[in-house]
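Per-entry structural report
Below are the chains, spelled out letter by letter.
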Amino acid sequence: MKRLIYLSIVSLMFTACSSGGGDDKPEVKNTAPTVPALVAPSDNKLCLNTTVVFEWSAATDANNDVITYQLQVAKDNQFTQIVKTEDVQGLTKSINLEKNTAYYWRLKSTDSKGLSSAYSSTYKFYTSGDAVVNHLPFAPELVAPTQNVVLNSSSTTLKWNATDVDATDVLTYDIYFGTAANPTTKIKENSATKSFDVTLEPTKEYFWKVVVKDNKGGETTGQVWKFKTN
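A brief report on the enclosed structure follows. (Residues numbered from 1 in each chain as written. Predicted model: local features only at pLDDT ≥ 70, side-chain atom pairs only at ≥ 80, totals over all residues. Heavy atoms only, no water.)

Quick look at the layout of surface pockets now. Its boundaries defined by the atoms lining it, the largest pocket holds a volume of some 220 Å³. As for the largest pocket, its lining consists of 18 residues, and the residues nearest its centre are Lys75, Asp76, Tyr104, Ala139 and Thr220. For the lining of the largest pocket, the secondary structure elements donating two or more residues are strand S7 (102-111) and strand S16 (219-221). Among the residues making up the lining of the largest pocket, the classes are represented as 8 nonpolar, 8 polar and 2 charged. (1 Å grid on protein atoms, 1.4 Å probe; cavity = no way out; pocket = protein on both sides within 12 Å on 5 of 7 lines; lining within 4 Å. Points joined across faces, edges and corners; volume = space filled by probe spheres on them. Helix = DSSP H or I, 4+ residues; strand = E, 2+ residues; numbered from the N terminus. Nonpolar A, V, L, I, M, F, W, Y, C, P; charged D, E, K, R; others polar.)

Phi is mostly negative for residues that are not glycine, and the peptide bonds are mostly trans. Cis geometry marks the peptide bond from Ala40 to Pro41, where omega comes out at 0°. Looking at the element boundaries, Pro41 is found in the loop between strand S1 (38-40) and strand S2 (45-47). A cis geometry characterises the amide bond from Ala144 onward to Pro145, with omega recorded as -10°. Phi is positive for Asn190, close to 55°, though the residue is something other than glycine. By the element assignment, Asn190 lies in strand S13 (residues 186-191). In this model, Thr203 sits at a positive phi of 50°, which is unusual for a non-glycine residue. Mapped onto the elements of the fold, Thr203 is located in the loop between strand S14 (195-199) and strand S15 (205-213).

Right, here's the structure in full:
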């Protein structure tokens with residue numbers, strides 16, 4: 001009996017000593033760095049030099065990981081025509097671009113473990129050309145209805161935004177709308193406002209686009225947007 005009690009005590013002592021107690025540190029979960037903020041060129045900027053210096057504010061990382069940045073420059077605001085993708089460790093990058101061209105740029109941050117932030121907002125700018133009197137408007141930006149949304153209504157208001165680097169230009173809009181994937185029916189011409197009410201039918205998919213025109217003969221066709229109805 002004494003031997004059994006002795007063995008039990010020794011066993012308990014061994015278990016207590018080998019358990020490690022509370023010395024083990026909990027694993028720290030890696031989180032993505034924050035979204036960087038764009039600085040320059042500022043939104044709607046006219047760049048007089050085709051060598052454009054891009055600048056942004058530093059992102060932060062809760063795990064103190066090393067951060068790199070991916071800079072994308074495109075000729076459209078949906079980034080289907082990307083002309084430059086650069087991975088940068090600092091907060092600035094110089095890129096040579098074409099003259100007299102509208103560009104759009106955005107940025108995301110990535111930590112040393114491969115986790116990335118979302119892309120920043122998109123800024124747009126224009127590079128100046130030789131003896132250019134008028135610059136084309138920037139491509140229109142979707143406001144509502146959001147892309148691919150499903151609506152439970154018999155009407156909606158199409159809304160968009162558009163700007164021009166030539167601040168004195170007056171912008172008007174042609175609106176194309178219908179159920180064809182490439183809408184050719186013009187439902188409004190030379191509209192002075194950036195919205196238009198449309199009537200909808202149930203269980204349909206609608207497509208629409210906006211052509212932005214300035215008062216000097218310049219025009220820019222936007223991408224096709226779409227939504228559905230229940």
